[in-house]
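Understanding the architecture of this molecule
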Amino acid sequence: MKNFPKAELQQLGVKALAIIGFIAILSVGLWGSVQIARLAPSVLSSLAAVATSLTSVFAPAQTITIDTPESIVPTDSVYELSWSHRNKQSDAYTASFTCRDGLSIQSPNTGGIYEEVVCDTPFAFSSTEGTLLIIPLLEGSDFVSVPVTINAVDTSGDTAASGSVTLTISKSGLGAPTGGNTAGGNTLTPGEETTGTYEITNGGTISNPSGLPDLAVHIIGIGIVENDGTFTPIDTLTATDTKAAIRFEIKNIGDKTSDQWTFNAVLPTMPMYIFHSESQQALNPGDKIVFTLEFNQIDLAVHGGAITINADPTGSMKERNEENNIKQFPITVTTE
């Protein structure tokens, strides 16, 4: 029997221990793999991808058109100003007229009684018939030109559309002089009666080639989407709500048609998720799109529990104002 030196015996012992350790590691690894396989469904479910759903509604720019069958309005008589509202999204309206020396205007209140309105100040009026009734009262001058404006007002009190026209208020049917002046005994002659339709929109629907688009984000609110697809706004989510939805609009408030564009939505979810939209259609001045973005996996620890909407996130389109492209909206969840 061969006698091994002590040093060789030590080396053989080390190798044997190494082999035993390697086998042990393999065994632990195999056991761990089996356990991970058993736990895989729960692990994967906790890291499941966020489910999102996006719906959108395009809303073309609203316009108010004012029809003036007569450009010369006699003083101290009822005048009916006819108008129409295209792409109507509001039932509230105001009117105003510019201050002019010697001119006062009366309009019926909600009770149908004519009362004087304050110049340069919007006043509410009944719009059921698509008409505005006024009685102009002129003193001093024989005629005066006055701009009159009709505004459609949305639920937030902001002007959604606007139309204007300039009327000539005259005594005894006289219009503006066609030549000379009133000094030196020159006689005023009646002006030519004209008929015109004037259309002015909030921002204007005609694109200004020298202007700039301006995409503005407005957050409408947070809520949930019912089974029938109805969006129900709520102030506070409950802990049992597994899904939420954010409704917002992106509107071109500039004076030039936009390019095609995209938006991003940073959502408070686990895992962290950023929604990237597909390319959206170009918007004329005043056009807007209302979006409803539904998502699950709500986690208020992410992004401070807030949603951030960013229109044209790459900044590829030159705009009149870039600061209104981003809006943030907080989410509140209660355990009650």
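Residues numbered from 1 in each chain as written. Predicted model: local features only at pLDDT ≥ 70, side-chain atom pairs only at ≥ 80, totals over all residues. Heavy atoms only, no water.

1. A short note on the overall build of the chain
Heads up, the condition is: We count a stretch as a helix when DSSP gives it H or I for four or more residues in a row; a strand needs E for two or more, and each element gets its number in order from the N terminus. Summary of the burial criterion: residues with accessible area below 20% of their type's maximum are buried, those above 50% are exposed, and those between are partly exposed, where the area comes from a 1.4 Å probe applied to protein chains only. We call two residues in contact whenever any of their non-hydrogen atoms come within 4.5 Å of each other.
The secondary structure content of the chain amounts to 1 helix and 22 strands. Scored against the burial criterion, the 336 residues of the chain give a buried share of 36%. Here the contacts in the chain between residues at least 6 apart in sequence split such that 73% fall between residues at least 24 apart.

2. Observations regarding the nonpolar core
Here is the rule we go by: Definition of nonpolar core: a set of buried residues of the types Ala, Val, Leu, Ile, Met, Phe, Trp, Tyr and Cys, connected through side-chain atoms within 4.5 Å.
In this structure, Ile64, Leu81, Trp83, Leu132, Ile150, Leu167 and Ile169 are the most contacted members of the largest nonpolar core, which totals 26 residues. Elements that contribute at least two residues to this core include exactly β2 (63–68), β4 (79–86), β5 (92–97), β6 (103–108), β9 (131–138), β10 (143–153) and β11 (159–170). Ranked by the residues each element gives to this core, the list is headed by β10, at 5 residues. Val50, Ile246, Ile289 and Ile309 belong to the second largest nonpolar core, which has 25 residues in total.

3. Let's talk about the sheet that holds strand β3 (residues 72–74)
This is how the line gets drawn: When DSSP finds two or more bridges between two strands, those strands count as paired.
Spatially, β3-β11-β10-β5-β8 is the arrangement adopted by the 5 strands of the open sheet, whose pairing is mixed. Edge strands, defined here as strands with exactly one partner in the open sheet, are β3 and β8 (123–124). Relative to β11, β3 is paired through 3 bridges, and the arrangement is parallel. By the bridge assignment, isoleucine 72 is partnered in β11 with threonine 168.

4. Description of unusual backbone geometry
In this chain, methionine 270 is followed by proline 271 through a cis amide linkage whose omega measures 5°. Note on placement: proline 271 falls in the loop between β17 (263–267) and β18 (273–276). With phi around 60°, aspartate 120 is a residue other than glycine that occupies positive phi space. Looking at the secondary structure, you find aspartate 120 in the loop between β7 (114–116) and β8.

5. Some details on the packing of aromatic side chains
Where two aromatic rings form a pair, the distance of their centres and the angle of their planes describe that pair. Put simply, the test is: The aromatic pairing rule takes the rings of Phe, Tyr and Trp, using the six-membered ring of Trp, and pairs them if the centres are within 6.5 Å, calling planes under 30 degrees apart stacked, those over 60 edge-to-face and the rest tilted.
Scanning the entire structure with this criterion turns up 7 aromatic pairs. Ring geometry for phenylalanine 248 against phenylalanine 291: centres 5.3 Å apart, planes inclined by 25°, an arrangement best described as stacked. Of this pair, phenylalanine 248 sits in strand β16 (residues 243–252) while phenylalanine 291 sits in strand β19 (residues 288–296), placing them 43 residues apart in sequence. The same class applies to phenylalanine 248 as to phenylalanine 291, namely buried. Taken together, the ring pairs in this structure connect Phe248, Trp261, Phe263, Phe275 and Phe291 into an aromatic cluster.

6. Overview of the sheet that holds strand β20 (residues 306–311)
We apply this condition: A fitted line through C-alpha atoms represents every axis, and for helices the fit uses only the stretch in contact; the resulting angles, taken between N-to-C directions, go from 0 to 180 degrees.
What the 4 strands build is an open sheet, ordered β18-β17-β20-β21; its pairing is antiparallel. Of all the strands in the sheet, the pair left with one neighbour each is β18 and β21 (326–330). Taking each pair of neighbouring strands and ignoring which way they run, the sheet shows an average axis angle of 15°. With 5 bridges connecting them, β20 and β21 associate as antiparallel partners.

In short, geometric facts, not functional conclusions.
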